[in-house]
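# Survey of secondary and tertiary structure
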Amino acid sequence: MSKRETKPSDDPRTSRRKFVQDMALGSAAVVLGGAGVRMPGAGEARTDAGQPVDTASQAPRPVAVAPLPPRPKVHPATEISGIPLGGVGTGSVEIRSDGYFHEWMVFNLGPWAASGAVQLGAPPPMGPGALAFFLWTQSEGGAPLVRRLGTRGDQEDLYSLSWAKNVEAIEYDPAFPSVELRYLDDTLPVAASATMFSPFTPHDTRASGTPGFNAAFTLKNTGTKRVRVALAARLANPLAWGAADRALKLAVTQDRATTYLTMRTDAALAQPSTVGSLGLSVTGGEASWIAGDLNQYVANGFWGGIYATFLNDFRTAGRLPSLAPQPTPAALLRLTDEQITALPLADKQAAARQLRGYASFAALYDRYRQVEGAAVESDAALGRYLTQARRWLDGLLGRDRKRAGWGDAALCSTVDLAPGETREIRFTVGWYFPHHLSPKGPDLGHMYEAWFKDAEDVSRFLVTNYAAHRDATQGFARALAGATLGPELAEAWSAQLTTLVKDTWWNRNGEFAVWEGLGCCGFQTMDVSYQGSGSIIALFPELQERQLEMSAAFQRADGRVPHFFTPDLSQVDDQFERVDMNPQFVLMVCRDWLWRGDKDYLTAMWPHVARAIANSALLDGNGDGLPDQDTRRNTYDNWDFFGTPAYIASLWLASLKAGARLADDMGDAAQAAEWRALLRKGAASFDRMLWNGAYYSLWVDGPKRDECCMSDQLSGEWYTQLMGLGQSLPRERVVAALREIVRQNFTPEQGLINASYPAGARPRFPTFDNPQAAGNWTGIEYAFASMLMEFGLVEEGVAVVRAVGDRYARAGRIWNHVECGDHYYRAMCSWTTLLAATGFKVDSPRGELTVAPVIRVPEARAPWVSATAWGELAQTARRLELTCRTGAQSIRRLKVNLAGPALGARLDGRRVACTVSEENGYRVLEFSSPVTLGAGQSLVVSA
């Protein structure tokens, strides 16, 4: 059996799927009803579970969830997504499990730069082989071996380069923002692996906005003889792509142990999207290079009298020729055969010397020297050499020499390894393409221009800060991946963070926004950001506040907030009629205020909040406290609602709860009282009108009802519970509705669909067989999973996350979830499953922190990330330890779900004075003065 194969009986996904199915069906057995659900008709009495309540969040009880084995690290060849490398708002390139680099979205062209309807041109053809690594080894007394550090068959040349083989397999171990590749090949005398990452750490937007990445290779001699090892990278040159005169310049500089190879251009283009610079660097070993040459030569090669490729000489020498950079050879040998023959010997010798400044033509000359011997400098031999060189130039650059066939480069490092010795060779890739043009014309640029002057500057930054970046980035990656709450949860938390690299714009003027889907729809889509932005306020809070402030600036005078920005960040579309957006806007402002406690931000946003709530209140036509008119349009934009929809009404109630809290903190007691009174009225109406005995109806419009069971029917309750504001409806009915949604809309096979009609319920158009109602939206699945955990249905919540992970792993799209477009923003809602699983809630204005893991394991370990600090938590039944890695977290009240007779707290071993009380099932530690948990410190609470 090869390394790629897995026996069916050994496939962990087999037992994984069986467990998920058995567990989920077991959970379904405790929900309401039998085979069908009886739906009361209009006017029938409904069981009253008590008056709706306005309560704070209640402490969850930890639940044991059976663990699953991790997914195999040898990934299928069909995988079509990978870890994006690059910074927030810089563009990116993906490293996939085949070892190659895909989707070069750094050039201000293609879907990252503009929507499909307004493309500014095709990006350069940077396929998987545009950046490729090659390994050369030669054991003492042995023959050299060459391996491609990849597994794609379309990158091999089995006709002419049969010896330049792929490695046998790659073990791909992703843990965003880092990934490790282990290159498996039993025929090699060394073990080779690579760790690739871009700086990406919470709260460090400067480092996390770097347009480049590190590729650190580890080489170990596994044999008993000395081995000489070389590692080479080839890089295609995309600069000034499509220009008649690309005006390319390449440079090599050396600074101590690092060699920098940088591609630049002096081209002046009306469309300068690809004008900028691109660079490689290598640190460690003896460096060598090709600083610009015929593109096909710095690749698999071409036929031209001889088979010409840099790999031939790399195979022989284990290094590159390191010739001085030269300009394009396009102007050389613009002569006929007859004119070359007629050249005087001295002119032929001068032309040959000039050509030998290029690695390809130096290699050609060496072949002639091997054949001609001492006569290679004769008039006839030089004529033949120059004629062949001219044919290469005409063939690869065109007879008019205008074809884009020159400028690619390669960089190499060579080391000697004693038996058992290990060495690290570090590469960086940096880019600098400042001309990000709006489809409307202006040059928007990139924020990274404030920090770098070109690609070499980027590479120097990465090299200089390598140790600190690696420690910070991998520390965050390990904290995410090393959680003990289940591998499916850990994967969900980290995998969708890739959207922050893949989908973001961060313009020169500081404007920041996230694509709804890559190149799809628009930016900062209000009804998608509602679910997707939770990780942004935690990781990069100033960026989240910025994009919400940008939306607020386009709020209409009547109070309606905008849908999304398009085609750039200076204008919005005209879909103000979506009635879910105003309450979602209010909820996000409240969440961001609770997380960051930025009073200037709240003060600026407060008038927008008040106008948004006032506008939503106009939807109540009958005075019952709920919207009942103009409720058709919403985020489910091909699925119209009518009358009073549960989804819309739930958001409305949540916005009143959030608005009242904001009014409290703004000192507006009258407004807070008014909204709380309206909340009480609306909540009572909601429960009376929409509860059907099993869940809340899709909508009620006078005598008409639609009894479709919608997964998102209590979206507002989810959001306020997640924020720590509690629920507005009777908890027992919320839990009953959640159980029924699991029963009706979820199976491990299909995941969670958005809605369905229970048996016995009358279907209605436009809901019945509506593709959005019957579809899977990952962001809704994650939101619902986190809500299940928040309300104590932990096993069911984990089952939903597992089903999503299984579906996308089978499709090879772990890091690319789809809805309306690829890399969909709503799927970043996976972050809320981290919050729910750890019971993590922040109320910065009141100095309150809640940590209450809901999954019972011997020791619960997971990351915690607030807007000011991050670290790791470790909890057993009677002990909680919070360690802080960076930043500082101020805590006045700490709410936990620990057992034990008496609790105390110690900060770095020193007892901290506090009182302990009980509140809604939590143990609450109130410190006599706020505790500041700083970088490197730990806070321990124990019985």
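Below is a short write-up of the structure. (Residues numbered from 1 in each chain as written. Predicted model: local features only at pLDDT ≥ 70, side-chain atom pairs only at ≥ 80, totals over all residues. Heavy atoms only, no water.)

## Considering the overall build of the chain
Broken down by element type, the chain carries 23 helices and 39 strands. Taken over the C-alpha trace, the chain has a radius of gyration of 31 Å; the compact-globule value for 943 residues is 30 Å, and the two agree within 12%. Judged by the C-alpha coordinates and their principal axes, the chain covers about 105 × 60 × 55 Å. Expressed as a percentage of the 943 residues in the chain, the buried residues total 62%. When contacts within the chain are restricted to residue pairs at least 6 apart in sequence, those whose partners lie at least 24 apart make up 70%. With an accessible surface of roughly 32300 Å², the chain has 51% of that area assigned to carbon and sulfur atoms. (Helix = DSSP H or I, 4+ residues; strand = E, 2+ residues; numbered from the N terminus. Rg over C-alpha atoms; globule rule 2.2 N^0.38 Å. Buried < 20%, exposed > 50% of the residue type's maximum accessible area, 1.4 Å probe, protein only. Contact = heavy atoms within 4.5 Å. Areas by Shrake-Rupley, 256 points an atom, 1.4 Å probe, with all protein chains shown as cover.)

## Brief notes about the pattern of salt bridges
Think of it this way: side chains of opposite charge can pair up when their charged atoms draw near. Enumeration over the complete set of coordinates arrives at 67 salt bridges. Here arginine 661 ties to aspartate 665 by a salt bridge, and the two come within 2.8 Å at their closest N and O atoms. Taken together, the residues arginine 661 and aspartate 665, both in helix H17 (residues 646-665) and 4 residues apart, mark about one turn of the helix. Among the charged side chains, a network of salt bridges with common partners joins Asp255, Arg256, Arg264, Asp454, Glu456 and Arg460. (Salt bridge = Lys/Arg side-chain N within 4 Å of Asp/Glu carboxyl O.)

## Here's the deal with the pairing of strand S34 (residues 879-896)
Sheet topology places strand S31 (residues 848-851) next to S34; 4 bridges connect them, and they run parallel. Each residue of the ladder has a partner; that of leucine 849, found in S34, is leucine 894. Both strand S33 (residues 869-875) and S34 contribute to a ladder of 7 bridges, which runs antiparallel. For tryptophan 870, the partnering residue across the bridge sits in S34 and is threonine 886. Where S33 folds back onto S34 in an antiparallel hairpin, the turn is made up of 3 residues. Of the strand pairs in this sheet, S34 and strand S39 (residues 938-942) are connected by 5 bridges, and their pairing is antiparallel. By the bridge assignment for S39, threonine 883 is matched with serine 938. Where S34 and strand S38 (residues 922-934) come together, 8 bridges link them in antiparallel fashion. Bridge pairing in S38 links arginine 893 to glutamate 926. (Pairing = 2+ DSSP bridges.)

## A look at the sheet that holds strand S23 (residues 644-645)
Reading across from one edge, S23-S24-S25 is the order of the 3 strands in this open sheet, with antiparallel pairing throughout. For this open sheet the edge positions go to S23 and strand S25 (704-706), each flanked by a neighbour on one side alone. When strand S24 (residues 699-701) meets S25, the two strands line up antiparallel, connected through 3 bridges. Residue aspartate 701 lies in a different strand from S25, and its bridge partner there is lysine 704.

## Digging into the packing of helix H15 (residues 581-596) against helix H16 (residues 599-617)
Two elements in contact, H15 and H16, have axes whose closest approach is 9 Å; the angle formed by their N-to-C orientations is 155°. By the angle between their axes, H15 is roughly antiparallel relative to H16. As H15 runs across H16, the sense of the crossing is left-handed. Seen from H15, the contacting residues are Asn582, Pro583, Phe585, Val586, Val589, Asp592 and Trp593; seen from H16, they are Lys599, Tyr601, Leu602, Met605, His608, Val609, Ala612, Ile613, Asn615 and Ser616. A class-by-class count of the residues in the contact of H15 with H16 yields 11 nonpolar, 4 polar and 2 charged. (Axes fitted to C-alpha atoms, helices over the stretch in contact; angles between N-to-C directions. Parallel < 35°, antiparallel > 145°, perpendicular 65-115°, else oblique. Left-handed = near helix turned anticlockwise from the far one by under 90°. Nonpolar A, V, L, I, M, F, W, Y, C, P; charged D, E, K, R; others polar.)

## Topic: the environment of histidine 446
Along the polypeptide, histidine 446 turns up in the loop between strand S19 (422-432) and helix H8 (455-464). For histidine 446, a relative accessible area of 1% corresponds to the buried category. Counting along the chain gives 357 residues from histidine 446 to glycine 89, while the straight-line C-alpha distance between them is 7.4 Å. In contact with histidine 446, not counting residues within four places along its chain, are Gly89, Asn108, Trp112, Phe433, Pro434, His436, Trp506, Asn507 and Arg508. There is a polar contact of 2.7 Å between the side chain of histidine 446 and the side chain of asparagine 108. (Polar contact = N/O pair within 3.5 Å; in protein donor to acceptor, adjacent residues only side chain to side chain.)

## Thoughts on the pairing of S31
On S31, burial covers both faces: Glu848 and Thr850 on one face and Leu849 and Val851 on the other are all buried. Strand direction decides the pairing type here: strand S30 (residues 841-843) and S31, joined by 3 bridges, are antiparallel. Bridging from a neighbouring strand, valine 842 pairs with leucine 849 of S31. As consecutive antiparallel partners, S30 and S31 are separated by 4 residues, and within that stretch glycine 847 has a phi angle of approximately 65°, a positive value.

## A word on the sheet that holds strand S11 (residues 227-235)
Strands sit in the order S6-S5-S4-S11-S18-S15 across an open sheet of 6 strands; the sheet is mixed. With partners counted over all chains shown, the strands left at the sheet margins are strand S6 (164-166) and strand S15 (286-294), one partner each. Averaged over all neighbouring strand pairs, the angle between strand axes comes to 25°, with direction disregarded. Sheet topology note: the S15/strand S18 (residues 406-417) ladder contains 7 bridges and is antiparallel. Considered in S18, the bridge of leucine 294 is made with tryptophan 406. Of the strands in this sheet, strand S4 (131-139), strand S5 (145-148), S11, S15 and S18 touch helix H3 (residues 310-317), which is tilted by about 30° from S4.

## Digging into the packing of aromatic side chains
Within the structure shown, the criterion is met by 46 aromatic pairs. A centroid spacing of 5.3 Å and a plane angle of 75° characterise the contact between phenylalanine 476 and tryptophan 870, whose relative ring orientation is edge-to-face. Of this pair, phenylalanine 476 sits in helix H9 (residues 466-481) while tryptophan 870 is found in strand S33, placing the two residues 394 residues apart along the sequence. For tryptophan 870, a relative accessible area of 2% gives the class buried. Geometrically, the ring pair formed by phenylalanine 686 and tyrosine 696 is tilted, given 5.0 Å between the ring centres and 55° between the ring planes. Here tyrosine 696 lies in the loop between helix H18 (669-690) and S24 and phenylalanine 686 lies in helix H18, a separation of 10 residues in the sequence. The class of phenylalanine 686 is buried, set by a relative accessible area of 0%. (Phe/Tyr/Trp six-rings, centres within 6.5 Å; stacked < 30°, edge-to-face > 60°.)

## As for the state of the cysteines
Here the structure, examined in full by the defined rule, presents 0 disulfides. With no disulfide partner, cysteine 520 has as its closest neighbouring cysteine sulfur the one in cysteine 521, 3.0 Å distant. Judged by its relative accessible area of 13%, cysteine 520 is buried. (Disulfide = S-S within 2.5 Å.)

## What about the nonpolar core?
With 277 residues, the main nonpolar core has Met196 and Phe585 as its most contacted residues. Tallying contributions element by element places H17 first for this core, with 13 residues. With residues near it in sequence (within four places) discarded, methionine 196 still touches Leu85, Ile95, Phe101, Pro177, Ser178, Val179, Leu181, Tyr183, Asn214, Ala215 and Phe217. Ranked by size, the runner-up nonpolar core spans 13 residues in total, among them Met105, Ala513, Phe565 and Leu569. (Core = buried A, V, L, I, M, F, W, Y, C linked by side-chain atoms within 4.5 Å.)

## Description of helix H14 (residues 541-552)
Along its 12 residues, H14 runs 17 Å from first to last C-alpha, staying within 8% of the 16 Å computed at 1.5 Å per residue. Within H14, 9 of the 12 residues are buried, which leaves it mostly tucked inside the rest of the structure. Of the positions making up H14, those classed as buried are Pro541, Leu543, Gln544, Glu545, Gln547, Leu548, Met550, Ser551 and Ala552. (Expected span 1.5 Å × (residues − 1).)

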